[in-house]
Amino acid sequence: MPMTVLTAAVTLLYPLAIWFGHGQVEPRWLAGLLLLAVATRLPALKLSGVARWSVAGALVLMACAAWSNLLLPLKLYPVLVNAALLAGFGYSLATPMSAVERMARLRGEDFPPVAQAYMRRVTQVWCGFFVVNGAIAFATALWASEAVWSLYTGVISYALMALLFGAEYLVRLRFKRLHHV
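Residues numbered from 1 in each chain as written. Predicted model: local features only at pLDDT ≥ 70, side-chain atom pairs only at ≥ 80, totals over all residues. Heavy atoms only, no water.

## Here's the deal with unusual backbone geometry
And then number 1: Despite not being glycine, Asn-69 shows a phi value in the positive range, around 60°.
And then number 2: Turning to its location among the elements, Asn-69 is positioned in the loop between helix 3 (49-68) and helix 4 (72-75).
And then number 3: In the Ramachandran plot, His-180 falls in the positive-phi region, its phi being about 55° despite a non-glycine side chain.
And then number 4: Inspection of the secondary structure assignment puts His-180 in the segment after helix 8 (146-179). (Helix = DSSP H or I, 4+ residues; strand = E, 2+ residues; numbered from the N terminus.)

Structural data, given as structure tokens:
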């Protein structure tokens, strides 16, 4: 539990720390934040192929920032996170059980085919979200100010994610009612 809280705090505060640190702290020292973000996630990760590539990518970004002393590699971390989530969710679409269904089954429930199809569609929606969110994070990293990048990656993207969660929850309630699931 304490590690989960630390992981959430580091993840949420990462863009703000980069923004506040910009101009005050050299990027090579800010790279330590990325190392902390990766280190707090390691205990919770099943080191699947996607997770290993994600950790490796974060370490490469950290090394690039430390070596070059540039902020850009640190600003690309949210892009990497979206790419890793897209890879995981997208890969699941090529398997019999989608990522959303796999998460739903953690509660021990069994689902009829109509619900499985719905969860596959939700997984596709999340894939679309990760593409758009990652593209915006990439564009803000390259062409926007640190303030705009921080606002998007540290506030707006989380608000959009919460909005998608909420909208899907409402659609799911209607789906359950219509299909008696």
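Back to the text.
## Notes on helix 5 (residues 77-92)
And then number 1: In this model, helix 5 (16 residues) spans 23 Å end to end at C-alpha, consistent with the 22 Å of a helix rising 1.5 Å per residue.
And then number 2: Taken together, the buried positions of helix 5 are occupied by Tyr-77, Pro-78, Val-79, Leu-80, Asn-82, Ala-84, Phe-89 and Ser-92. (Expected span 1.5 Å × (residues − 1). Buried < 20%, exposed > 50% of the residue type's maximum accessible area, 1.4 Å probe, protein only.)

## Observations concerning the nonpolar core
And then number 1: With 22 residues, the main nonpolar core has Tyr-14, Ile-18, Leu-34, Ala-58, Leu-61, Leu-74 and Tyr-77 as its most contacted residues.
And then number 2: Within the second largest apolar cluster, 15 residues are counted, among which are Phe-89, Ala-104, Val-122 and Phe-129. (Core = buried A, V, L, I, M, F, W, Y, C linked by side-chain atoms within 4.5 Å.)

## Observations concerning the pattern of salt bridges
And then number 1: In this structure the tally under the stated criterion is six salt bridges.
And then number 2: Across the pair Glu-26 and Arg-28 runs a salt bridge, and its minimum N-O distance is 3.3 Å.
And then number 3: Of the charged contacts in the structure, one is a salt bridge between Arg-172 and Glu-168, with a shortest N-O distance of 2.6 Å. With Arg-172 and Glu-168 both in helix 8 and four residues apart, the pair spans about one turn of that helix.
And then number 4: On the basis of relative accessible area, Glu-168 is assigned to the buried category, the value being 13%.
And then number 5: One network of salt bridges, with partners in common, ties together Glu-101, Arg-105 and Asp-110. (Salt bridge = Lys/Arg side-chain N within 4 Å of Asp/Glu carboxyl O.)

## Examining the side chain of Glu-146
And then number 1: As for its position among the elements, Glu-146 is in helix 8.
And then number 2: Judged by its relative accessible area of 19%, Glu-146 is buried.
And then number 3: The residues contacting Glu-146, other than those within four sequence positions of it, are Trp-19, His-22, Leu-71 and Lys-75. (Contact = heavy atoms within 4.5 Å.)

## A short note on a nonpolar patch on the surface
And then number 1: Together, Leu-151, Val-155, Ile-156, Leu-160 and Leu-163 give the surface a local cluster of nonpolar side chains, amounting to about 420 Å² of exposed area.
And then number 2: Here Leu-160 falls in the partly exposed class, since its relative accessible area comes to 34%. (Patch = residues over 30% accessible without salt bridge, like charges linked within 9 Å, V, L, I, M, F, W, Y side chains within 5 Å. Areas by Shrake-Rupley, 256 points an atom, 1.4 Å probe, with all protein chains shown as cover.)

## Observations concerning the environment of Leu-86
And then number 1: Mapped onto the secondary structure, Leu-86 falls in helix 5.
And then number 2: Residues within four places of Leu-86 in sequence aside, it is in contact with Tyr-91, Cys-127, Phe-130 and Val-131.

Without other data, these values stay purely geometric and don't point to any function.
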